[in-house]
Amino acid sequence: PGPHQRVALAVERERARPVGGATGLCRLVVPYAPAPSATRLADSAGQVLPLGTVAVGLVRSIPASLLTAAAPPAERGAVLGRLDAAGSLCRVLLPPAAGALADGPGLWAAFAAQAALCLGGLACTEWWFRRAQAGQAQERLKAA
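Residues numbered from 1 in each chain as written. Predicted model: local features only at pLDDT ≥ 70, side-chain atom pairs only at ≥ 80, totals over all residues. Heavy atoms only, no water.

Here the focus is the overall build of the protein chain. Summing up its helical and strand segments, the protein chain has five helices and zero strands in all. A buried classification covers 11% of the 144 residues belonging to the protein chain. Look at the contacts in the protein chain between residues 6 or more apart in sequence, and 42% of them connect residues 24 or more apart. Approximately 10400 Å² of the protein chain is accessible, and the part contributed by carbon and sulfur atoms is 68%. (Helix = DSSP H or I, 4+ residues; strand = E, 2+ residues; numbered from the N terminus. Buried < 20%, exposed > 50% of the residue type's maximum accessible area, 1.4 Å probe, protein only. Contact = heavy atoms within 4.5 Å. Areas by Shrake-Rupley, 256 points an atom, 1.4 Å probe, with all protein chains shown as cover.)

Structure (structure tokens):
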């Protein structure tokens, strides 16, 4: 089978798995996946691609603009360099890891790992902003 048929077969395998535990996370996404027909899969990809393009644009630009606004002018280059290095590391290491999870425990495991990483990223961002706000409050107290 071609790549479209393999994706369709993987979706059908996931739909056939019993619901429960972390598999419930996958049930939020997989029911909306394209039907097994390669033609329908290609049509759905054509409809979703523009939205995906906008999403990637937002995902790449929003963190950089937030970091640029929050970092002191002298540290902006270093902060953006760290962001780019982290993004490059993720683009190299995570696709094989997600593939191993999808091939091993199942597609739900790759989605669950992505959700866990997103939650971890949100927690780190929240911690970083709270730390920055506390530092700004201390600077205001010193200035007063």
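All told, the structure shown has one salt bridge when counted by the stated rule. With its nearest N and O atoms 2.6 Å apart, the salt bridge here joins Arg 130 to Glu 126. Placement of the pair is Arg 130 and Glu 126 together in helix α5 (residues 107-143), with a separation of four residues, close to one helical turn. Accessibility expressed as a relative area gives 40% for Glu 126, which makes it partly exposed. (Salt bridge = Lys/Arg side-chain N within 4 Å of Asp/Glu carboxyl O.)

This part is about helix α4 (residues 76-103). Between its first and last C-alpha atoms α4 spans 40 Å; for 28 residues at 1.5 Å apiece the expected length is 40 Å, and the two agree. The largest bend in α4 amounts to roughly 30 degrees and is located at Leu 94, with the proline Pro 95 lying one to four residues further along. (Expected span 1.5 Å × (residues − 1). Bend = angle between axes of the 7 residues up to and from the residue.)

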